[in-house]
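# Descriptive structure summary
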Amino acid sequence: MEPTKALKKLSAIAFMCLLLIVACSKDDSSGGGSNKPLSAYEFSGIFTGTLNKNGQTTQLEGYVTIEEDGETKLNLLIGSMKGTSVRSGDSYNITVSEVTGAFEGVEGITGSIDVNTRTIYLSGTNADGSPVTVGGNAQNPNVMNDGGWDALTKSGVTFTHDEVCLASVTINGVTFSGLDRYYQQESRCSNYYFGHHQLRFNLDNKESQIYCTDITLLMLNGQYETFTQCSVIQFILDENTEYEYTVVWMDGTTDSGTVTTPDGGFVTPICLEKDGEECEGGGLDGQNGDPRFNLQFSNSGNVDLDLYVQTPNGSIINYSNTTAQGGTHDVDCACGDACDQENVFWENGPSGQYTFWVDYYGDCGSGSTSSNFTIKVMNNNNVVMTKTGTLNSGESTHWTYNHN
């Protein structure tokens, strides 16, 4: 999924003062905050903005702090930065020295904060030299104003885990798949994110989504490879309501539980733990391969989604043309089959560029006009790319994967 739906600001003053917010860290070297309110820093702000990386735009939320000695931290939903700032007139010049999560592999990050407009801009490069930028606004946390918070009706529940096993999570009929191990020990339930959980956002204008980011790393063989990590699922739900959730791990084991949502604008974190042995990849319908393309979708039996893969020589594999250039479409899911996956695999696929997409074939007479989906690209059970989203009738989105 390309999680790009913008966070809309509340009219007038969007954020209330959070005098009791603290950001504790068990391991401060990883970029966590210190045990004091945001108002005690030389500069602090509640951050909303965007990350632009590998042609993908991701929404960001969190907080930024600057100590009197210049130590600077940007703690976000999907990653963190730590560095130093030097005040120059009405701006801070920032140099980042440590990164985690979505910023892993990004080098040479520098930027600035405009004190008057409270805007932040940072830029760096991936390992392959492609640009990465972060931009947004750091709302003043010292402003005391209700700002319409009591009128909010939606709150959030975030899911993360630290298991060596992918997972899918379902709440209220909505499923997101491909949840990876989180970058921070103990996931978002650690003290590292205590401050983040006290922040209040206008979730009435957001949609449930899985946060996925592409990370480009230089491998030992001297080649650059891009991996997709999906580290957080955030469900947007009615406030003060009890929900049941179901977790399906990639080895086929399941867990379930209940959660009661908080007041509107707040988020409750759930850090999943897997009982039994760990797992890596696996558990999907169809044959494993190198590469392998697997489609999962919601609304089982109510919609028919089809997986298409174009091979390096231009041939197309789908439900009607099940083999080409050594690849095989071995799992097809049609109306009436009570299934939710399709699969295309190679035992040892040719090098080159593969194009893959999902097509909305029909509603199976259900009247449904959309479905959530996840496509995983895997090499021998190692997920190297994940694409998720919501597909509406008549739509089709294409992606490319370069296989070495």
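Our structure's up above, just so we're on the same page.
Let me begin by describing the structure that accompanies this report. (Residues numbered from 1 in each chain as written. Predicted model: local features only at pLDDT ≥ 70, side-chain atom pairs only at ≥ 80, totals over all residues. Heavy atoms only, no water.)

One closed barrel holds the 8 strands; their spatial order is E1-E2-E3-E4-E5-E6-E7-E8, and the pairing between them is antiparallel. In this sheet, adjacent strand axes meet at a mean angle of 25° when their direction is disregarded. (Pairing = 2+ DSSP bridges. Helix = DSSP H or I, 4+ residues; strand = E, 2+ residues; numbered from the N terminus. Axes fitted to C-alpha atoms, helices over the stretch in contact; angles between N-to-C directions.)

So, about the environment of Thr-254. With respect to the helices and strands, the residue Thr-254 is situated in strand E15 (residues 254-260). Residue class for Thr-254 comes out exposed when judged on its relative accessible area of 52%. C-alpha separation for the pair Thr-254 and Asp-275, spaced 21 residues apart in sequence, amounts to 9.1 Å. (Buried < 20%, exposed > 50% of the residue type's maximum accessible area, 1.4 Å probe, protein only.)

Let us now look at the sheet that holds strand E23 (residues 352-362). With respect to topology, 4 strands assemble into an open sheet ordered E19-E18-E23-E26, the strand pairing being antiparallel. In this open sheet, the two strands that pair with only one neighbour each are strand E19 (316-317) and strand E26 (396-403).

What follows is about the state of the cysteines. For the structure shown, the criterion picks out 4 disulfides. A disulfide bridge connects Cys-189 with Cys-271, and the sulfur atoms are separated by 2.2 Å. Judged by the sign of its S-S torsion, about 110°, the cystine formed by Cys-189 and Cys-271 is right-handed. One end of the pair, Cys-189, is in the loop between strand E11 (174-179) and helix H1 (194-198); the other, Cys-271, is in strand E16 (residues 267-272), with 82 residues separating them in the sequence. When its relative accessible area of 37% is taken as the criterion, Cys-189 is described as partly exposed. (Disulfide = S-S within 2.5 Å.)

Moving on, we get to unusual backbone geometry. Pro-291 follows Asp-290 through a cis peptide bond whose omega is 5°. Relative to the assigned elements, Pro-291 resides in the loop between E16 and strand E17 (292-297). At Asn-172, a position not held by glycine, the phi torsion is positive, near 55°. Looking at the secondary structure, you find Asn-172 in the loop between strand E10 (167-171) and E11.

Going through the model one piece at a time under the given rule, you end up with 15 aromatic pairs. Aromatic side chains Phe-159 and Tyr-245 sit 5.1 Å apart centroid to centroid with 70° between the ring planes, which places their arrangement in the edge-to-face category. Of this pair, Phe-159 sits in strand E9 (residues 154-161) while Tyr-245 sits in strand E14 (residues 242-249), placing them 86 residues apart in sequence. Pair check on accessibility: Phe-159 and Tyr-245 agree, each one buried. A centroid spacing of 6.4 Å and a plane angle of 40° characterise the contact between Tyr-354 and Tyr-401, whose relative ring orientation is tilted. With Tyr-354 in strand E23 and Tyr-401 in strand E26, this residue pair connects regions lying 47 residues apart in the sequence. With respect to burial, Tyr-354 and Tyr-401 carry one shared label: buried. Every member of this aromatic cluster is reached through a ring pair, and the members are Phe-293, Trp-346, Tyr-354, Phe-356, Phe-373, Trp-399 and Tyr-401. When the ring centre of Tyr-92 is taken as reference, the NZ or CZ atom of Arg-87 above it lies at 5.1 Å. (Phe/Tyr/Trp six-rings, centres within 6.5 Å; stacked < 30°, edge-to-face > 60°. Lys NZ or Arg CZ within 6 Å of the ring centre and 35° of its normal.)

What follows concerns the pattern of salt bridges. Throughout the structure, instances matching the rule amount to 4 salt bridges. One salt bridge connects Lys-206 with Glu-61, and the closest N-O pair in it is separated by 3.0 Å. Pair noted here: Lys-206 is in the loop between H1 and strand E12 (209-218) and Glu-61 is in strand E2 (residues 56-66), with a separation of 145 residues, a long-range link. With respect to burial, Lys-206 and Glu-61 carry one shared label: buried. (Salt bridge = Lys/Arg side-chain N within 4 Å of Asp/Glu carboxyl O.)

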